Amino acid sequence: MATTNLSYYDTATIPNAKSFRFGIVVSEWNPEITKNLQKGAIEALIDCGAKKENIISWDVPGSFELVFGCKKMIESQQVDAIIAIGNVIQGETKHFDFVCEGVTQGIVDLNIKYNVPVIFCVLTDNTKQQSLDRSGGKLGNKGIECAVAAVKMAAIKNIDNKSESIGF
């Protein structure tokens with residue numbers, strides 16, 4: 001569990017996102033959490049130079065559906081990076097474990113198969129309060145942290161020369 005503010009970043013240490021296209025795929029489950037993560041991600045992308053018209057957002061029913069939504073976005077939208085936003089809260093059954101494992105492995109598989117980084121912004125917390133704290137509450141907003149990761153990964157994706165180094 002994060003104990004520091006997830007929202008801090010320094011734009012001077014991040015590549016300019018002006019030329020990149022970003023996708024965001026958002027779970028509709030627990031919208032009071034996922035929509036806050038989405039809002040934080042969009043605001044951070046714009047703050048890092050992304051143009052609003054170069055940010056595409058799609059909703060999917062739940063976190064398990066994030067993988068298919070990201071796959072379809074990769075195949076149809078020519079984005080430089082995608083942020084997969086979801087929330088799974090521990091309950092009394094093993095459903096939590098199956099969803100978390102499936103989404104995690106699915107996003108890993110997308111990152112291996114495609115040349116588009118997919119950023120894991122799925123909160124997997126024990127309680128709703130923990131998720132609220134990490135989606136704009138006392139610990140900041142994980143969506144912001146993931147947007148910064150998306151910008152950095154989009155820059156790496158777009159390196160033309162294999163000997164070119166990139167520093168943040």
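Our structure is the block above this text.
Cut-off values and rules
Residues numbered from 1 in each chain as written. Predicted model: local features only at pLDDT ≥ 70, side-chain atom pairs only at ≥ 80, totals over all residues. Heavy atoms only, no water. Pairing = 2+ DSSP bridges. Helix = DSSP H or I, 4+ residues; strand = E, 2+ residues; numbered from the N terminus. Axes fitted to C-alpha atoms, helices over the stretch in contact; angles between N-to-C directions. Contact = heavy atoms within 4.5 Å.

Brief notes about the sheet that holds strand E4 (residues 118-125)
Whether parallel or antiparallel, the strands of a sheet pair through hydrogen bonds between backbone atoms.
So, point 1. Reading across from one edge, E2-E1-E3-E4 is the order of the four strands in this open sheet, with parallel pairing throughout. Two strands in the sheet have a free side with no partner beyond their single neighbour: strand E2 (55-60) and E4. Here the average twist between neighbouring strands, direction ignored, is 15 degrees.
So, point 2. Summarising the sheet, strand E1 (residues 22-27) and strand E3 (residues 81-89) pair through five bridges and their orientation is parallel. Of the residues in E3, the one forming a bridge with valine 26 is isoleucine 85.
So, point 3. Those strands touched by helix H3 (residues 95-113) are E3 and E4, and its axis lies near 170 degrees from that of E4.
So, point 4. In this fold helix H5 (residues 142-157) packs onto E1, E3 and E4, with an angle of close to 160 degrees to the strand it touches most, E4.

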